[in-house]
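Fold and contact review
Read off the chains here:
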Amino acid sequence: MPLTLERSELLRTHNLIGGQWRDAAAGRQFAVTDPATAAVAAQVPDSDAADARSAVDAAHAAFPSWRATAPRARAQLLRRWHGLILAHAQDLARLISREQGKPLAEARGEVAYAASYVEWFAEEAAHIHGDVIPSPSPRRRMTAEHEPVGIVAAITPWNFPAAMIARKIAPALAAGCTVVAKPAEDTPLTSLALARLAEEAGVPAGVLNVVVASRERAAAVVAVWLADERVRKVTFTGSTPVGRHLAREAAATFKRVSLELGGNAPFIVFDDADLDAAVDGLMAAKFRNAGQTCVSPNRVFVHDAVHDAFVERLAARVQALHVGPATDAASQIGPLINARAVDKIEHHVRDALARGATLRVGGARLHADSGAHYFAPTVLVGVDATMACACEETFGPVVAITRFHTEAGVLAAANATPFGLAAYFYSRDVARCWRVADALEAGMVGINAGAISSEAAPFGGVKASGYGREGSRRGLDDYLQIKFRCQDA
Ligand code: ADP
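Each value, and the rule that gives it
Every residue gets a number counted from 1 within its own chain, in the order that chain's sequence is written. Per-residue local features are limited, in this predicted model, to residues with pLDDT of at least 70; the limit for side-chain atom pairs, both in listing and counting, is 80 or more; totals at the level of whole chains, interfaces and linings are taken over all residues. Hydrogens and water molecules were not included; the side-chain quantities draw on all heavy atoms of the structure. To qualify as a helix, a DSSP run of H or I must reach at least 4 residues; to qualify as a strand, a run of E must reach at least 2; elements of each kind are numbered from the N terminus. In this analysis, two residues are considered to be in contact whenever any of their non-hydrogen atoms come within 4.5 Å of each other. A strand pair is defined by DSSP finding two or more bridges across the two strands. Lines are fitted to the C-alpha atoms to define the axes, a helix being fitted only along its stretch in contact, and any angle between axes, read from their N-to-C directions, falls within 0 to 180 degrees. UniProt positions are given in the numbering used here, feature names are shortened, and annotations may be inferred rather than shown by experiment. Remark: exposure states derive from per-residue accessible area (1.4 Å probe, protein chains only) relative to the maximum for the residue type, with buried under 20%, exposed over 50%, and partly exposed in between. What qualifies as a polar contact is a pair of N or O atoms within 3.5 Å, subject to a donor-acceptor requirement within protein and to the restriction that residues adjacent in sequence count only when both atoms come from side chains. Throughout, the protein atoms alone are placed on a 1 Å grid, and a set of points is a cavity if a 1.4 Å probe fits but cannot get out or a pocket if it is open with protein on both sides within 12 Å along at least five of seven lines; lining residues have an atom within 4 Å of a point. Grid points are joined across faces, edges and corners, and a volume is the space filled by probe spheres set on the points. The classification used treats Ala, Val, Leu, Ile, Met, Phe, Trp, Tyr, Cys and Pro as nonpolar, Asp, Glu, Lys and Arg as charged, and all other residues, Gly among them, as polar. A molecule or strand has a residue near it when one of that residue's heavy atoms lies within 4 Å. Residue burial considers only the protein chains on display, and all accessible areas are found by Shrake-Rupley using a 1.4 Å probe.

1. A short note on the environment of Ile268
The residue Ile268 is located in strand E12 (residues 265-269) in this model. Residues Ile268 and Ala442, 174 residues apart in the sequence, show an inter-C-alpha distance of 14 Å. Not counting chain neighbours up to four residues away, the residues in contact with Ile268 comprise Phe301, Phe404, Val410, Ala414, Tyr424, Phe425, Tyr426 and Leu440.

Structure below.
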């Protein structure tokens with residue numbers, strides 16, 4: 001099915017560098033495909049080091065006047081961008097669905113979520129206060145003021161093509177930074193459309209630059225940004241190995257780094273939980289974006305006393321999920337992003353079954369002959385900590401359930417992972433809610449809540465899930481540096 005947009009110019013197939021839409025300098029291109037059909041959706045530039053350098057040159061040239069732009073004026077631009085994103089929500093949702101595969105209704109939800117960060121940081125832009133420090137002498141004045149850190153390199157994943165880039169670009173622009181961005185190779189079209197709307201909102205040339213590259217050339221593009229002294233910050237959402245690489249390389253030039261990496265979220269159902277609420281929470285948290293969400297519950301622990309009842313109710317709900325392409329309005333679960341993703345999920349299911357888990361629902365690829373990447377929503381019980389699905393992020397529609405007996409035991413198990421992004425639990429015991437939330441090693445805890453992300457909340461992790469926070473009043477901190485001024489009369 002051809003991609004039809006209300007405004008066809010939102011389908012951009014060039015890099016945006018210094019206010020110009022350009023081919024890659026070497027003229028190379030690669031294909032973006034629809035994961036539901038494997039059909040080519042568009043050809044985009046396969047950029048290399050030369051394009052990456054041009055983008056930094058443009059961001060560098062634009063920085064002095066952007067940082068000097070009044071915060072209120074930056075806020076107004078962001079507000080206009082927010083309005084344009086909402087006005088073109090349907091086109092953006094179509095682009096997201098086409099390149100990433102999530103059902104259209106869910107894609108519209110992502111657009112609203114992405115826009116909420118732009119609105120939030122539009123509001124924050126004009127409220128970046130410093131401190132007046134009590135002086136030791138009447139002849140001395142001391143202040144601490146915020147400055148933008150400089151050029152920000154933003155590297156984003158494919159699972160939320162609009163939201164991930166919006167929540168990096170919006171705070172950077174609000175703070176007065178300029179940006180060089182590289183969207184994921186699977187999903188560059190949404191980022192380019194957002195950049196087009198930013199341009200239309202009046203964001204000046206060079207303030208936002210987007211460079212697209214294939215998986216093969218991604219590292220070469222980012223390497224230029226990592227090595228360049230002028231780039232002062234790297235913000236990344238993606239896998240832990242790539243995050244570790246970026247942090248190491250950024251150290252050579254002492255760049256600031258924010259990393260939102262993988263998770264291995266526990267979801268604990270205590271014996272005093274409201275089971276229907278827990279099932280609802282798990283369905284919302286697990287099956288959003290077909291499970292391709294870094295805050296998705298990866299390990300579900302259910303107390304022995306309620307295990308069978310919980311599994312029964314959950315299995316019925318999972319069985320009823322409708323799997324299909326984004327173009328089908330009935331679809332609740334779309335295709336996975338690519339063949340690599342399906343291979344991993346299949347490996348996790350096979351490994352769990354080989355090690356003694358039991359399959360309750362699903363467990364296999366769907367429509368494999370079509371070239372699309374579907375996997376049936378799956379429930380596994382009898383999962384233990386030795387299985388790949390409990391140690392690694394499955395990133396797919398698989399619920400892996402482990403039975404537990406004691407609070408102390410389940411807390412030890414929940415924390416027995418290098419990761420610490422999100423954690424969830426359901427309980428009606430108030431004292432337990434305090435205790436368990438305190439004990440969980442995670443940047444975000446959902447207590448009787450499965451959908452916890454919000455632009456007003458600090459999103460981020462601890463341990464191998466990275467550092468830095470996106471959203472909330474703290475979301476600007478990563479893009480600001482402090483200057484202490486000391487003036488004697
Ligand atoms: P995933 O495995 O989910 O695709 P990645 O961490 O590999 O997650 O990808 C997230 C982002 O990091 C993408 O934009 C990708 O192009 C980029 N990326 C992947 N490998 C590298 C690398 N070696 N150096 C810099 N960026 C990379």
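2. Topic: the sheet that holds strand E17 (residues 378-381)
Strand order across the open sheet formed by 7 strands is E14-E17-E18-E13-E12-E20-E21, with mixed pairing between neighbours. Whereas interior strands pair on both sides, the edge strands pair on one side only; in this sheet they are strand E14 (358-361) and strand E21 (444-447). Neighbour to neighbour, the strand axes of the sheet diverge by 20° on average, direction disregarded. Pairing analysis gives 3 bridges linking E14 to E17, with the strands arranged antiparallel. Counted as the bridge partner of Leu359 is Leu380 from E17.

3. Regarding the UniProt feature "active site" (unreviewed entry) in the protein
Feature annotation in UniProt assigns "active site" (unreviewed entry) to the following positions: Glu260. Topologically, Glu260 is positioned in strand E11 (residues 256-260). A relative accessible area of 4% places Glu260 in the buried class. Apart from residues no more than four positions distant in its own chain, Glu260 is found in contact with Arg167, Phe236, Thr237, Gly238, Cys294, Leu421, Phe459 and Ser465. A polar contact of 3.5 Å, which involves the side chain of Glu260, links it to the side chain of Arg167.

4. Thoughts on the layout of surface pockets
Taken as a whole, the largest pocket holds about 1000 Å³ of empty space. Forming the walls of the largest pocket are 40 residues, and the residues nearest its centre are Trp158, Arg215, Gly238, Ser239 and Val242. Residue assignment for the lining of the largest pocket shows that the elements contributing at least two residues are helix H7 (215-227), strand E10 (231-237), helix H8 (240-251) and helix H11 (339-354). By residue number, the principal contributor to the lining of the largest pocket is H7, which donates 6 residues. Tallied by class, the residues present in the lining of the largest pocket amount to 20 nonpolar, 11 polar and 9 charged. Looking at the second largest pocket, it is lined by 19 residues, and the ones nearest its centre are Met1, Pro2, Asp34, Arg98 and Thr327. Contributions of two or more residues to the lining of the second largest pocket are made by strand E4 (40-45) and helix H3 (89-100).

5. A look at the site of the ligand
Close to the ligand lie 18 residues; Thr156, Lys182, Glu185, Arg215 and Ser239 are nearest. At 2.8 Å from an oxygen atom of the ligand is found a main-chain nitrogen or oxygen belonging to Thr156. Protein chains shield 85% of the accessible area of the ligand, which is 550 Å² for the free molecule. Elements represented by at least two residues in the shell around the ligand include exactly H7 and H8. In terms of residue count, the dominant contributor to the shell around the ligand is H7 (4 residues). Partitioned by chemical class, the residues of the shell around the ligand number 10 nonpolar, 4 polar and 4 charged.

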